[in-house]
Amino acid sequence: MTLERSNIAAMQGYAPGEQPQDPTTIKLNTNENPYPPSPEVAAALNSFDVASLRRYPNPVANEFRQVAADLHGLSLDNIIPTNGGDELLRLMLTTFVAEGEVVATTKPTYSLYPVLAAIQDATLREIDLDAQWKLPGDLIQQLREMKAKVFILVNPHAPTGSLVTSAAIAEIAENFDGLLVVDEAYIDFVDPALEHDCVPLLHRFDNLLILRTMSKGYSLAGLRFGYGLAAKNLAAPMLFKTRDSYNTDAISQRLAATALASQNYAKSTWDRVRQSREEVFAALNELGLSCLPSQSNFLLCTIPDSIGAPGAYAALKQEGILVRYFDQERLRDKLRISIGTKEENDRLINALTTLCKGNSSAR
Ligand SMILES: Cc1ncc(COP(=O)(O)O)c(C=O)c1O
């Protein structure tokens, strides 16, 4: 006998990226920032008053919310602090999606969305991207026909790294009756020359929720801190009704606020990641492992059939380099590779060069 709800019994849990035991492994499989958190974060942790932990933390992380509000030109009412971006997604579904209602997303996308929809016992509908991995021209019509309550769009897209413009996002928000969730987990790595910014759209649309995380751009994946940005009326039920009473802890509130305030440091890591991304992009293409241009901190590259993506994944693992392989439609001939430090990227390219050369001499 199982006591699980039937939808829980029927579902598969989320499969996180592998965590190597060997500390020398080059970990390019979960899109972490290759650089450490800011020195200010280290100082804040060192000076944290442990005695203060006997008290509950501020329930809504007001110190963090103030820093975020100032950074984004919004007010406290627009900021929803969460235990990682993942918690925001769960909170959003709990708050806005009833059992059986339709959660729409793209295919492929971040693999947690289907898992969270299954937990909520929502109906998942996946919208195919076109041959260039772009949103289909009839997206709004499809959303209407499937009666989607929520559309979750990861932007820049995972796992391709392509970017939907803010004008296109505005058009979706304007013409879609449901809630548009734009998951900006990787937004910090977008080329600043593009001047991409969806935050101003929050003043126009009260059906738009933007997800941000401290995990990637701020090098704090281990801390578990993210936040939502939304119009006051959309944010309020998540902030004051459905959120766990103390969903973020006192230490993470302090460190996340400190990291968000260290903008210059964070930006310096984004610049380095972007520069390395262009170098790795060029090197992979040179090797014949064609990559899509990416606005994120990872690249999706195609592995020739003669090697095969699972074979390349295994060969890299043998060399102590972990990347991500997805056994999914359209992705079975590809690897998603996070951008690492210069040394890590060089090791990756060397290993792939050996693999490609071995492969061509074997033929
Ligand atoms: C697309 C996307 N959204 C959200 C997240 C959530 O990140 P976190 O819960 O670490 O903030 C991730 C993490 O990998 C992600 O890839």
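Residues numbered from 1 in each chain as written. Predicted model: local features only at pLDDT ≥ 70, side-chain atom pairs only at ≥ 80, totals over all residues.

1. Quick look at the environment of N297
Spelled out, the test is: A run of H or I in DSSP counts as a helix once it spans at least four residues, and a run of E counts as a strand once it spans at least two, with each numbered from the N terminus. It is the C-beta atoms, placed from the backbone, that decide contacts: two residues are in contact if theirs lie within 7 Å.
Its place among the elements puts N297 in the loop between α10 (263–286) and β9 (298–302). Along the chain, N297 and Y186 lie 111 residues apart, while their C-alpha atoms are 7.0 Å from each other. Residue contacts for N297: discarding those within four places in its chain leaves N31, Y186, F189, K216, V273, R277, S338 and I339.

2. Quick look at the domain arrangement of the protein
Note the following rule: Boundaries of every domain are those given by an automatic assignment or by a domain database. When residues are sorted by character, Ala, Val, Leu, Ile, Met, Phe, Trp, Tyr, Cys and Pro go into the nonpolar class, Asp, Glu, Lys and Arg into the charged class, and all the rest, Gly among them, into the polar class.
When cut into domains, the protein gives domain 1 (19–36 + 264–362) and domain 2 (39–261). Contacts between the two partners involve 23 residues from domain 1, matched on the other side by 19 residues from domain 2. Taken together, the elements giving at least two residues each to the side of domain 1 that touches domain 2 come down to α10 and β9. With five residues, α10 is the largest single contributor of residues to the side of domain 1 that touches domain 2. When grouped by side-chain class, the residues that make up the side of domain 1 that touches domain 2 number eleven nonpolar, eight polar and four charged.

3. Brief notes about unusual backbone geometry
Working note: non-glycine residues mostly have negative phi, and peptide bonds are mostly trans. Omega for the bond connecting K107 with P108 falls within 30 degrees of zero, at 0 degrees, which places this linkage in the cis form. Turning to its location among the elements, P108 is positioned in the loop between β3 (102–107) and α5 (112–119). In this structure, N31 is a non-glycine residue whose phi angle is positive, near 55 degrees. As for its position among the elements, N31 is in the loop between β1 (26–27) and α2 (39–46). Even without a glycine there, the phi angle at R330 is positive, about 70 degrees.

4. Concerning the site of the ligand
The criterion, for reference: The rule is simple: place the C-beta atom from the backbone, and if it lies within 6 Å of a molecule or strand, the residue is near it.
Close contacts around the ligand come from 13 residues, with G84, G85, A185, T213 and S215 the closest. Considered class by class, the residues forming the shell around the ligand number five nonpolar, six polar and two charged.

5. Observations regarding the sheet that holds strand β7 (residues 208–213)
What counts here: Two strands are counted as paired when DSSP detects at least two bridges linking them. Comment: axis = line fitted to C-alpha atoms, over the contacting stretch for helices; angle = value between 0 and 180 degrees taken between N-to-C directions.
With respect to topology, seven strands assemble into an open sheet ordered β2-β8-β7-β6-β5-β3-β4, the strand pairing being mixed. This sheet does not close on itself; its edge strands, each paired only once, are β2 (79–82) and β4 (123–128). Each strand axis lies, on average, 25 degrees off the axis of its neighbour in the sheet, ignoring direction. The sheet contact formed by strand β5 (residues 148–154) and strand β6 (residues 179–183) spans five bridges and is parallel.

6. Here we look at the nonpolar core
The condition is simple: Here a nonpolar core is just a set of buried residues of the types Ala, Val, Leu, Ile, Met, Phe, Trp, Tyr and Cys, joined wherever their C-beta atoms sit within 7 Å. As a rule, residues whose C-beta atom has 12 or fewer other C-beta atoms within 10 Å are exposed, those with 20 or more are buried, and those in between are partly exposed; C-beta atoms are placed from the backbone.
Counting 101 residues, the largest nonpolar core has V150, F151, V181 and A256 as the members making the most contacts within it. Counting the residues that make up this core, at least three belong to each of domain 1 (19–36 + 264–362) and domain 2 (39–261). Each residue touching V150, except ones within four places of it in the same chain, is listed here: F96, V97, V103, A104, G178, L179 and V181.

7. Notes on the packing of helix α4 (residues 84–96) against α5
Each pair of packed helices gets described by two things: the angle between the helix axes and the distance between those axes. For clarity, the cut-off: With the far helix as reference, a near helix turned anticlockwise by less than a right angle produces a left-handed crossing, and one turned clockwise produces a right-handed crossing.
The contact between α4 and α5 brings their axes to 10 Å, and the two run at 40 degrees. In this structure, the crossing between α4 and α5 has a hand that is right-handed. Contacts from D86, L89, R90 and L93 in α4 reach L112, L116 and A117 in α5.

8. Thoughts on helix α9 (residues 250–261)
Basically, it comes down to this: Expected helix span is taken as 1.5 Å per residue step, with the number of steps being one fewer than the number of residues.
The first and last C-alpha atoms of α9 sit 17 Å apart over twelve residues, in line with the 16 Å expected at 1.5 Å per residue. Most of α9 is tucked away: ten of the twelve residues are buried. The complete set of buried residues in α9 reads S252, Q253, R254, L255, A256, A257, T258, A259, L260 and A261. The secondary structure elements touched by the buried residues of α9 are α2 and α3 (62–72).

9. Side note on the pairing of β3
One face of the sheet, then the other: side chains in a regular strand alternate in exactly this way. To keep things clear, this is the line we draw: When the strands point away from the viewer and the connection leading from the first strand across the helix to the second strand turns clockwise, the crossover is called right-handed.
Here β3 pairs with β4 via six bridges, running parallel. Each bridged residue has a counterpart across the sheet, and for A104 the counterpart in β4 is R125. This β-α-β element, β3 to α5 to β4, shows right-handed connectivity. When β3 meets β5, the two strands line up parallel, connected through four bridges. Its bridge partner lying in β5, A104 is registered against F151.

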